[in-house]
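Tertiary structure, described
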Amino acid sequence: MHAAPSPALPQQSAAEQVRSVLARALSLSLTLGGETPGGGPEETYDLLGGHTVGARGRLTLHPPTDSPLTDRFAGAPRHGLDARVDLTDIAPTALRDRVRARVSLTGRLAPAAGDLGSLRLDLTRITLRTGTGTEEVDPRAYALAAPDPLALEEAGLLTHLADVHPDLVADLVVLAGSRLPHGVVRALPLALDRHAVSLRCEYGEGHCDLRLLFPGTARDASEAGDMVRRLLTAPRCSHHH
């Protein structure tokens, strides 16, 4: 007789992760293929605070009027240029390895209708790279997904936890019990979503990540703080995976 499969632990889908990364990103890197007359090498542009995310995850770039990117599209084909947007998700706390995820959005970049000087990316491919591997995300799933409700508040919550409540972080590590290898020299908050808080446990060399599931779903920062406190007061059980 086969044992029934255990239910999947609640976590963000890959599409939600991508939407969350995009929602809190302050900068991105844009790479254009060489489609000018006569070809040419790829061109890369860094945009700081120069993008917005609309309905269904529609990405629009807003380069400065004096940007070379503006001139680049003055003579571009009407259907746009092949483009790739790269974003890096960085942990807000002082970890050794702060890169949590990398997102690549590939498609056609063309002037946005009715939005002078702005450029619209029509997606054809989305790639999410995390510490657990690389995953292709269906653009349709991406369009239907929403960012995690804590995405914009996550950095403030994590830095507050690390800076003001190191005692709580230490107590959270204890919840791992015997599953956590010996020799931890430091533990810091790594990530937070509506389902769980994650800690990075560092050793002399290397690290492991600990995800502690909340007893419920947090819909905002206040509920997230309450869920962390409930983790520490709940009867000891298997919170982690």
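These lines cover the structure that appears in this document, whether it is placed above or below.

The rules behind the values
- Residues numbered from 1 in each chain as written.
- Predicted model: local features only at pLDDT ≥ 70, side-chain atom pairs only at ≥ 80, totals over all residues.
- Heavy atoms only, no water.
- Phe/Tyr/Trp six-rings, centres within 6.5 Å; stacked < 30°, edge-to-face > 60°.
- Lys NZ or Arg CZ within 6 Å of the ring centre and 35° of its normal.
- Core = buried A, V, L, I, M, F, W, Y, C linked by side-chain atoms within 4.5 Å.
- Buried < 20%, exposed > 50% of the residue type's maximum accessible area, 1.4 Å probe, protein only.
- Helix = DSSP H or I, 4+ residues; strand = E, 2+ residues; numbered from the N terminus.
- Contact = heavy atoms within 4.5 Å.
- Salt bridge = Lys/Arg side-chain N within 4 Å of Asp/Glu carboxyl O.
- Pairing = 2+ DSSP bridges.
- Axes fitted to C-alpha atoms, helices over the stretch in contact; angles between N-to-C directions.

1. Some details on the packing of aromatic side chains
A complete count under the given rule lists zero aromatic pairs for this structure. Above the plane of the ring of Y142 lies R19, whose end atom (NZ or CZ) is 5.4 Å from the centre.

2. Some remarks on the nonpolar core
Grouped together as the largest cluster of nonpolar side chains are 31 residues, with contacts concentrated most on L30, L32, L87, L105 and L109. Residue assignment for this core shows that the elements contributing at least two residues are α1 (14-24), β1 (27-32), β2 (43-48), β4 (59-61), α2 (68-74), β5 (81-90), β6 (99-111) and β7 (119-130). Per element, the largest residue contribution to this core is five residues, and it comes from α1. Not counting the four nearest positions on each side in its chain, L32 is found in contact with E42, E43, Y45, L69, R72, F73, L81, D82, A83 and L109. One finds L150, V173, L180 and L210 within the second-largest nonpolar core, a separate group that totals 23 residues.

3. Some details on the pattern of salt bridges
Counted according to the given criterion, the structure contains 18 salt bridges. Two residues, D122 and R120, come together in a salt bridge whose shortest N-O distance is 2.9 Å. Classification of R120 as partly exposed rests on a relative accessible area of 24%. Salt-bridge contacts for R140 lead to D138; the nearest nitrogen and oxygen are separated by 2.9 Å. The class for D138 is partly exposed, based on a relative accessible area of 31%. Three or more residues joined by partner-sharing salt bridges are found here, namely R24, D89, R100 and E154.

4. Considering unusual backbone geometry
At R56, a position not held by glycine, the phi torsion is positive, near 60°. Considering the arrangement of structural elements, one finds R56 in the loop between β3 (51-53) and β4. For R56, a relative accessible area of 55% puts it in the exposed group.

5. Description of the sheet that holds strand β9 (residues 186-192)
In spatial order, the strands read β9-β10-β11; together these three strands make up an open sheet with antiparallel pairing. Edge strands, defined here as strands with exactly one partner in the open sheet, are β9 and β11 (207-213). If you compare each strand with its neighbour and ignore which way they point, the axes differ by 25° on average. As judged from the seven bridges shared by strand β10 (residues 196-202) and β11, these two strands associate in the antiparallel manner. In the strand pairing of β11, S198 is matched with R211. Strands in contact with helix α4 (residues 154-164) are β9 and β10; relative to β9, the strand with the most contacts, it is inclined by about 160°.

6. Details of α1
Of all 11 residues making up α1, eight are buried, and the element is well covered by its neighbours. For α1, every residue scored as buried is listed here: A14, A15, E16, V18, R19, S20, V21 and L22.

7. Side note on the environment of R98
Relative to the elements of secondary structure, R98 occurs in the loop between β5 and β6. Judged by its relative accessible area of 36%, R98 is partly exposed. R98 sits 115 residues away from L213 along the chain, and the two C-alpha atoms are 22 Å apart. Contacts of R98, omitting those with residues within four sequence positions, involve D89, I90, A91, P92 and T93.

8. As for the pairing of strand β8 (residues 133-137)
Pairing analysis gives five bridges linking β7 to β8, with the strands arranged antiparallel. Pairing of R129 across the sheet is with T134, part of β8. Connecting the antiparallel pair β7 and β8 is a turn made up of two residues.

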